[in-house]
Amino acid sequence: MSALVAIVGRPNVGKSTLFNRLVGYNKAMVDDQPGVTRDRNYAQVKVRGKPVTLVDTGGFDPDLKAGLTALVREQTMMALEEADLTVFLADGRQGLNPHDRELLDLLRRSGRPFLLAVNKIDGPEKEAALADFYALGVEPVWPVSAAHGYGVRDFIDYLAGLLPEAEEETPPEGLVRVGVIGRPNVGKSSLVNRLLGEERTLVAETPGTTRDPVDVTVEHRGRFYLLVDTAGIRRKGRVSLKLEKYSVMRALKSLERCDVALLLVDSVEGITDQDAHVAGYALDRGRGLILVFNKWDLIKDQRAELKKIKASLELKMKFLSFAPFLSVSALTGLRTGRIFGLIDEVFAQYSFRAPTGQVNRVLEQAVLAHIPPYVGRSRLKFYYGTQVSTRPPTFVLFANRPDKVHFSYQRYLTNSFREAFGLDKVPVRVLLRPRPKKER
Ligand code: GDP
């Protein structure tokens with residue numbers, strides 16, 4: 001599980017510059033399969049070995065001219081609520097600003113963990129500017145220069161110390177963890193209510209702690225599902241919840257904790273760029289994904305709409321062609337009864353495990369059907385393969401020149417496993433490795 005760290009502060013204090021520097025210093029997580037999402041506001045990094053999702057709320061800043069301090073306040077609250085750790089950034093060149101005091105007051109009263117950093121301190125001689133900040137009684141105060149790097153490494157060390165140890169959440173036995181994600185007003189809480197209200201579902205609330213949002217366990221036809229962060233979905237009425245940009249933050253949090261995500265799309269509005277973006281995150285995190293087109297009751301010409309959806313999936317989510325989709329109405333209950341069944345199907349594939357013998361038979365046949373090309377003077381050779389993990393199914397293949405395997409051949413092998421094992425509805429990973437040394 002990666003911790004969510006958000007950088008907040010008034011507009012123009014340098015949040016994005018700090019974000020970029022933190023991303024630059026903390027190498028993005030290495031993976032054989034490069035992620036599909038490139039986002040200026042969110043980044044997956046490792047901070048001193050600990051996985052972190054870094055959020056730059058600077059990307060959400062209101063237009064300064066509008067003087068929307070109330071909005072900055074809302075944003076700070078929202079970040080605070082969602083993040084495991086909030087970095088409050090102030091501007092050392094401008095000095096302590098009354099709005100800083102107000103925001104810091106919010107942070108202090110929240111009881112949530114936060115860190116105070118003062119930016120634009122370009123060297124030790126500029127530290128005199130910090131006196132006002134020290135007087136606030138917030139300890140410690142971190143002078144940094146996001147633009148030049150001064151103080152940033154020490155800051156990172158300290159920040160890393162505050163983060164929880166990286167540990168995978170052990171998936172509960174016999175329980176499917178389901179995340180319901182999507183933009184504000186697509187009908188997430190309506191759908192959750194509908195799923196909880198279905199016949200023969202049994203609902204049990206698990207008490208939340210500050211770190212764990214409240215989840216709900218549902219029993220449906222003898223199986224158990226954990227709807228993660230149900231409390232977050234149902235929490236209503238606050239302006240901050242309507243801030244579209246923050247719904248990504250919430251989606252990222254749910255994606256950290258679920259096996260299968262239901263990504264809700266408003267059928268009337270169609271797939272937005274943000275929907276595609278969040279779907280990309282689901283893929284990067286290797287989660288099972290079901291696209292749920294909600295508010296289908298409002299669609300007049302359903303056949304034309306289906307055609308439109310298929311075209312736009314092809315256009316905007318080509319990389320997710322395996323994700324099943326379903327059109328429903330949380331309002332009337334149209335086809336919502338199919339959701340649990342579809343989750344079961346996706347989850348079964350998601351947890352699939354193949355014996356090594358079968359993996360190698362598939363590999364052999366695939367290689368025979370399409371002989372790999374030459375690299376230089378020798379032919380590309382695959383020695384053997386094995387499934388190294390599940391959720392999602394992940395195969396490692398050992399080859400003589402793993403670095404030379406063309407993307408299209410890797411995709412061909414991936415599809416061979418998909419086909420052979422009936423994995424048509426989930427992400428499948430195929431990683432290539434050199435043969436372990438002692439065997440050469
Ligand atoms: P959330 O912000 O994603 O949790 O969305 P809500 O569940 O609060 O729903 C937002 C609005 O859309 C509410 O007014 C709902 O009544 C409405 N809504 C939700 N699902 C449907 C649906 O299937 N059909 C129609 N017509 N309206 C819906």
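Report on the accompanying structure.

Quick notes on the rules
Residues numbered from 1 in each chain as written. Predicted model: local features only at pLDDT ≥ 70, side-chain atom pairs only at ≥ 80, totals over all residues. Heavy atoms only, no water. Core = buried A, V, L, I, M, F, W, Y, C linked by side-chain atoms within 4.5 Å. Buried < 20%, exposed > 50% of the residue type's maximum accessible area, 1.4 Å probe, protein only. Domains from an automatic or database assignment. Contact = heavy atoms within 4.5 Å. Phe/Tyr/Trp six-rings, centres within 6.5 Å; stacked < 30°, edge-to-face > 60°. Helix = DSSP H or I, 4+ residues; strand = E, 2+ residues; numbered from the N terminus. Lys NZ or Arg CZ within 6 Å of the ring centre and 35° of its normal. Near = heavy atom within 4 Å. Polar contact = N/O pair within 3.5 Å; in protein donor to acceptor, adjacent residues only side chain to side chain. Areas by Shrake-Rupley, 256 points an atom, 1.4 Å probe, with all protein chains shown as cover. Axes fitted to C-alpha atoms, helices over the stretch in contact; angles between N-to-C directions. Parallel < 35°, antiparallel > 145°, perpendicular 65-115°, else oblique. Left-handed = near helix turned anticlockwise from the far one by under 90°. Nonpolar A, V, L, I, M, F, W, Y, C, P; charged D, E, K, R; others polar. Salt bridge = Lys/Arg side-chain N within 4 Å of Asp/Glu carboxyl O. Pairing = 2+ DSSP bridges.

Re the nonpolar core
Ranked by size, the top nonpolar core spans 58 residues in total, and within it Phe88, Leu104, Phe133, Met249, Leu289 and Met317 carry the most contacts. Counting residues domain by domain, this core receives three or more from each of domain 1 (3-162) and domain 2 (176-350). When neighbours within four sequence positions are excluded, Phe88 is seen to be in contact with Val8, Gly9, Asp100, Leu103, Leu104, Leu107, Leu115, Leu116 and Ala117. Membership of the second largest hydrophobic core comes to 50 residues, among which are Val186, Ile233, Leu363 and Val430.

Concerning the packing of aromatic side chains
Overall, the coordinates contain 12 aromatic pairs when judged by the stated rule. Centroid distance Tyr409 to Tyr412: 5.4 Å. Interplanar angle 50°. Geometry classified as tilted. A residue pair is termed a helical-turn pair when its members lie 3 or 4 positions apart in one helix, as Tyr409 and Tyr412 do in helix 13 (residues 407-421) at three residues. Every member of this aromatic cluster is reached through a ring pair, and the members are Phe352, Phe395, Phe417 and Phe421. It is Arg435 that lies over the ring of Tyr383; its NZ or CZ is 3.6 Å from the centre.

With respect to the site of the ligand
Inspection of the region around the ligand gives 16 residues, with Asn185, Lys188, Ser189, Ser190 and Asp297 positioned closest. At 3.3 Å from an oxygen atom of the ligand is found a main-chain nitrogen or oxygen belonging to Lys295. Here a nitrogen atom of the ligand and a side-chain polar atom of Asp297 are 2.7 Å apart. For the ligand, the protein covers 76% of the area, taking 580 Å² as the surface of the free molecule.

Some points on the packing of helix 8 (residues 244-257) against helix 9 (residues 273-284)
Contact geometry for helix 8 and helix 9: axes closest at 10 Å, N-to-C directions at 20°. Between helix 8 and helix 9, the angle falls in the class roughly parallel. Regarding helix 8 and helix 9, the two cross each other, and that crossing is right-handed. Contact residues: helix 8 offers Glu244, Ser247, Val248, Ala251, Leu252 and Leu255, while helix 9 offers Gln274, Val278, Tyr281 and Ala282. Here the contact of helix 8 with helix 9 is built from residues that sort into seven nonpolar, two polar and one charged.

As for the pattern of salt bridges
According to the stated counting rule, one finds 20 salt bridges in the structure shown. A salt bridge links Lys308 to Glu305; the nearest nitrogen and oxygen atoms lie 3.4 Å apart. Pair noted here: Lys308 and Glu305 are both in helix 10 (residues 302-316), with a separation of three residues, about one helical turn. In this structure Lys308 comes out as exposed when scored by relative accessible area, which is 56%. A single network of salt bridges, built from pairs that share partners, joins Glu82, Asp229, Arg250 and Lys253.

Examining the sheet that holds strand 16 (residues 382-389)
The strand order across the open sheet built from three strands is 16-17-18, with neighbouring strands paired in mixed fashion. Two strands in the sheet have a free side with no partner beyond their single neighbour: strand 16 and strand 18 (429-434). The mean inter-strand angle of the sheet, taken between neighbouring strand axes irrespective of direction, is 25°. Across six bridges, strand 16 lies against strand 17 (residues 394-399) in antiparallel orientation. The partner of Tyr384 across the bridge, within strand 17, is Phe398. Across the sheet, helix 12 (residues 356-369) is in contact with strand 16 and strand 17; its angle to strand 16 comes to roughly 135°.

Comments concerning the pairing of strand 7 (residues 175-181)
For strand 7, a buried count of seven out of seven residues is recorded, marking the element as mostly surrounded by other parts of the structure. Pairing between strand 7 and strand 11 (residues 260-266): four bridges, direction parallel. Each residue of the ladder has a partner; that of Gly179, found in strand 11, is Ala261.

As for the packing of helix 12 against helix 13
For the pair helix 12 and helix 13, interaxial distance at closest approach is 10 Å and the crossing angle is 130°. On the basis of the axis angle, helix 12 is oblique to helix 13. The two elements helix 12 and helix 13 meet at a crossing, and its hand is right-handed. Residues Gln358, Val359, Val362, Leu363, Ala366, Val367 and Ala369 of helix 12 lie in contact with helix 13, whose contacting residues are Tyr409, Tyr412, Leu413, Ser416, Phe417, Ala420 and Phe421.

Re the environment of Ser327
Within the element layout of this structure, Ser327 appears in strand 13 (residues 325-327). A C-alpha to C-alpha distance of 9.9 Å links Ser327 and Gln302, two positions 25 residues apart in sequence. Contact partners of Ser327, with chain neighbours within four places excluded, come to Phe293, Trp296, Leu334 and Arg335.

Re the sheet that holds strand 2 (residues 42-47)
Taken in spatial order, the six strands of this open sheet run 2-3-1-4-5-6, and their pairing is mixed. With partners counted over all chains shown, the strands left at the sheet margins are strand 2 and strand 6 (141-143), one partner each. Within this sheet the neighbouring strands show an average axis-to-axis angle of 30°, counted without direction. For strand 4 (residues 85-91) and strand 5 (residues 114-119), the ladder comprises six bridges, and the chain directions are parallel. The partner of Leu89 across the bridge, within strand 5, is Ala117. Each of strand 4 and strand 5 touches helix 3 (residues 98-110); the most contacted strand, strand 4, lies at about 165° to it.

Limitation: the analysis is restricted to geometry and does not speak to function.
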